Structures are given as structure tokens and as C-alpha cells.
Amino acid sequence: MEPEIQWLFLLIVFVQLYIVAAVTDSRDATALASLKDAWKNLPPNWSGSDPCGDHWVGLNCTNSRVTSITLANMGLEGQVFIGIPSLTELQTL
């Protein structure tokens, strides 16, 4: 195999690994989408579909799972329990 092709192959593999590692668990992403739809005055960077990969303000993630939500004094409005029960790895709220 040509050296250029080998480098291209390695680059593709690393990019795919990075993408997989950055994606929030689909159950957590769905739960957070529900919260996002139900709440008002969200932090400005709560956009996109990958809360852990996009480093949403107030969220901490471990192994692509949401483990902490800390949003005190941000002026949020809405129901708290929409979506929260689905965050099975959540330790701090």
C-alpha cells in the first residue's frame, strides 16, 4: 500500500473514532432535547444535537453520559422533571 493511502486510511480511522467518542449517548441526548424544548432562558450554547461533545454550559459528562447538571442562577424557567428520569447516569442536579 502506498504511504499516502496509509496516511489517509489512518486519518479516516482517527476521525471516525473522534466522532464516536464525542457523541452523547442517544438516551441522554433525547432527554436533554426534551428539557431544551420545555425550558426558557437556556444558556446560549445549548444548541446542536451533541450536548457532551458540544460542551453545553452546566453539563458534565463521563463516557458520553450526562453525570451532572448545574444550572443555578441562570434564570431558567420550566418544569424540571421532564426528561430527568431518563438520565440514568445523572449524579448531581
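Everything below is about the structure shown above.
What this report covers is the structure whose coordinates are included nearby. (Residues numbered from 1 in each chain as written. Predicted model: local features only at pLDDT ≥ 70, side-chain atom pairs only at ≥ 80, totals over all residues. Heavy atoms only, no water.)

## Some thoughts on helix α2 (residues 26-38)
- With 13 residues, α2 should cover 18 Å at 1.5 Å per step; its first-to-last C-alpha distance of 18 Å lies within 8% of that length.
- Along α2, the positions that sit buried rather than exposed are Asp28, Ala29, Ala31, Leu32 and Leu35. Viewed along the axis of α2, the buried residues span an arc of 165 degrees, placing them on a single side of the element. Turned more than 90 degrees away from the buried face of α2 sit Ser26, Thr30 and Asp37, all of them exposed.
- Packed against the buried residues of α2 are β1 (59-62) and β2 (65-69). (Helix = DSSP H or I, 4+ residues; strand = E, 2+ residues; numbered from the N terminus. Expected span 1.5 Å × (residues − 1). Buried < 20%, exposed > 50% of the residue type's maximum accessible area, 1.4 Å probe, protein only. Arc of directions from axis to C-beta. Contact = heavy atoms within 4.5 Å.)

## Considering the state of the cysteines
- Here the structure, examined in full by the defined rule, presents 1 disulfide.
- Two residues, Cys52 and Cys61, share a disulfide whose sulfurs are 2.0 Å apart. Note on the Cys52 and Cys61 pair: the S-S dihedral is about -80 degrees, so by sign convention the disulfide is left-handed.
- The exposure class of Cys52 is buried, given its relative accessible area of 11%. (Disulfide = S-S within 2.5 Å.)

## Some words on the nonpolar core
- Grouped together as the largest cluster of nonpolar side chains are 13 residues, with contacts concentrated most on Leu32, Leu35, Trp46, Leu59, Val66, Ile69 and Leu87.
- Take this core: its biggest share by element is 3 residues, from α2.
- Beyond its immediate sequence surroundings of up to four residues, Leu87 is in contact with Asp28, Ala31, Leu32, Val66 and Ile69. (Core = buried A, V, L, I, M, F, W, Y, C linked by side-chain atoms within 4.5 Å.)

## Describing the pattern of salt bridges
- Counted under the stated rule, the structure contains 3 salt bridges.
- As a salt-bridge pair, Asp25 and Arg65 come within 3.8 Å of each other at their nearest N and O atoms. You can see Asp25 sitting in the loop between α1 (3-22) and α2 and its partner Arg65 sitting in strand β2, a full 40 residues away along the chain. The burial state of Asp25 is the same as that of Arg65; both residues are buried.
- Ionic contacts of the salt-bridge type, sharing partners, join the residues Asp25, Arg27, Asp28 and Arg65 into one network. (Salt bridge = Lys/Arg side-chain N within 4 Å of Asp/Glu carboxyl O.)

Functional significance is not addressed by these values, which are geometric in nature.
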